[in-house]
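Structural overview
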Amino acid sequence: MRRGITPILSVVILIGIALVGSVLLNGLSKDFAGKTFAQIEYKVSNVNLKKDSAGSCYFSLTLHNTGTLPITMTTINATFTNNTKWNPPELVDATTKEPGHTYENTVMFDGHTCGNVTVGNTYVVRILANSADSSFSTSIPVKASRVESV
């Protein structure tokens, strides 16, 4: 007569092994999915470029961090008529924006850069966002409009 593990005990051991394996696999897959699908992204809800008759320009925008990672640096720039580059230092923001955070800013500028903004023309505004390990960029067309002097 041979002695061995009873069928009931062997089923209990197999179920235990399956549970431990599934818990380990679940942990690994969540870690992998979290790193693979983590992203930074801005939703642009408002962009305006306005010029008044006194020669001043106003640029405003609202950005919402819709990604899954904090954004650590945001840079906004454009190219106007005559290939004039516009890189306002006040639109470089190094404050961290957690997912769900909204960034709003309005900048007034004048002089040579504003002189190269033509009312009715459409210009491309580029938005670049960076996090610790990824980046996001988008280009938004913005039509310059006329406002009354303030």
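None of these values were measured; they are calculated from a predicted model.

A few words on the sheet that holds strand β5 (residues 102-110). Remark on secondary structure: sheet strands pair via backbone hydrogen bonds, oriented parallel or antiparallel. Read from one edge of the open sheet, 7 strands run β4-β3-β6-β7-β1-β2-β5, paired in mixed fashion. Edge strands, defined here as strands with exactly one partner in the open sheet, are β4 (84-86) and β5. Strand-to-strand twist across the sheet, computed as the mean angle between neighbouring axes with direction ignored, equals 20 degrees.

Together, Ile 5, Ile 8, Leu 9, Val 12, Ile 13, Leu 14 and Ile 17 line one region of the surface with nonpolar side chains, adding up to about 730 Å² of accessible area. Relative to the helices and strands, Leu 14 resides in helix α1 (residues 7-36).

A few words now on the side chain of Asn 77. Residue position: Asn 77 is located in strand β3 (residues 73-80). For Asn 77, the contacting residues outside a window of four places in its chain are Trp 86, Asn 87, Val 124, Val 125 and Arg 126.

This part covers the packing of aromatic side chains. One pass over the structure, following the stated rule, counts 5 aromatic pairs. Seen in terms of ring centroids, Phe 80 and Trp 86 are 5.6 Å apart; in terms of plane orientation they differ by 35 degrees. Their pairing is tilted. Their ring planes at 35 degrees and their centres at 4.7 Å tell us that Trp 86 and Phe 109 sit as a pair that is tilted. One end of the pair, Trp 86, is in strand β4; the other, Phe 109, is in strand β5, and 23 residues separate them in sequence.

The next subject is unusual backbone geometry. Residue Asn 82 is not a glycine yet carries a positive backbone phi of 60 degrees. Within the secondary structure, Asn 82 sits in the loop between β3 and β4. Under the relative-accessibility criterion, Asn 82 is labelled exposed at 65%. One non-glycine residue, Asn 83, lies in the positive phi region at around 60 degrees. Note on placement: Asn 83 falls in the loop between β3 and β4. You can call Asn 83 exposed: its relative accessible area is 55%.

Further remarks concern the environment of Lys 30. Inspection of the secondary structure assignment puts Lys 30 in helix α1. Owing to a relative accessible area of 58%, Lys 30 belongs among the exposed residues under this scheme. When the C-alpha positions of Lys 30 and Tyr 42 are compared, they lie 24 Å apart, and in sequence the two are 12 residues distant.

By definition, a disulfide links the sulfur atoms of two cysteine residues through a covalent bond. As enumerated under the stated definition, the model contains 1 disulfide in all. The disulfide bridge from Cys 57 ends at Cys 114, spanning 1.9 Å between sulfur atoms. Across the S-S bond of Cys 57 and Cys 114 the torsion is about 75 degrees, and the bridge reads as right-handed. One end of the pair, Cys 57, is in strand β2 (residues 56-65); the other, Cys 114, is in helix α2 (residues 112-115), with 57 residues separating them in the sequence. Owing to a relative accessible area of 0%, Cys 57 belongs among the buried residues under this scheme. Using a relative accessible area of 0% as the deciding quantity, one classes Cys 114 as buried.

Parameters at a glance
- Residues numbered from 1 in each chain as written.
- Predicted model: local features only at pLDDT ≥ 70, side-chain atom pairs only at ≥ 80, totals over all residues.
- Heavy atoms only, no water.
- Pairing = 2+ DSSP bridges.
- Helix = DSSP H or I, 4+ residues; strand = E, 2+ residues; numbered from the N terminus.
- Axes fitted to C-alpha atoms, helices over the stretch in contact; angles between N-to-C directions.
- Patch = residues over 30% accessible without salt bridge, like charges linked within 9 Å, V, L, I, M, F, W, Y side chains within 5 Å.
- Areas by Shrake-Rupley, 256 points an atom, 1.4 Å probe, with all protein chains shown as cover.
- Salt bridge = Lys/Arg side-chain N within 4 Å of Asp/Glu carboxyl O.
- Contact = heavy atoms within 4.5 Å.
- Phe/Tyr/Trp six-rings, centres within 6.5 Å; stacked < 30°, edge-to-face > 60°.
- Buried < 20%, exposed > 50% of the residue type's maximum accessible area, 1.4 Å probe, protein only.
- Disulfide = S-S within 2.5 Å.

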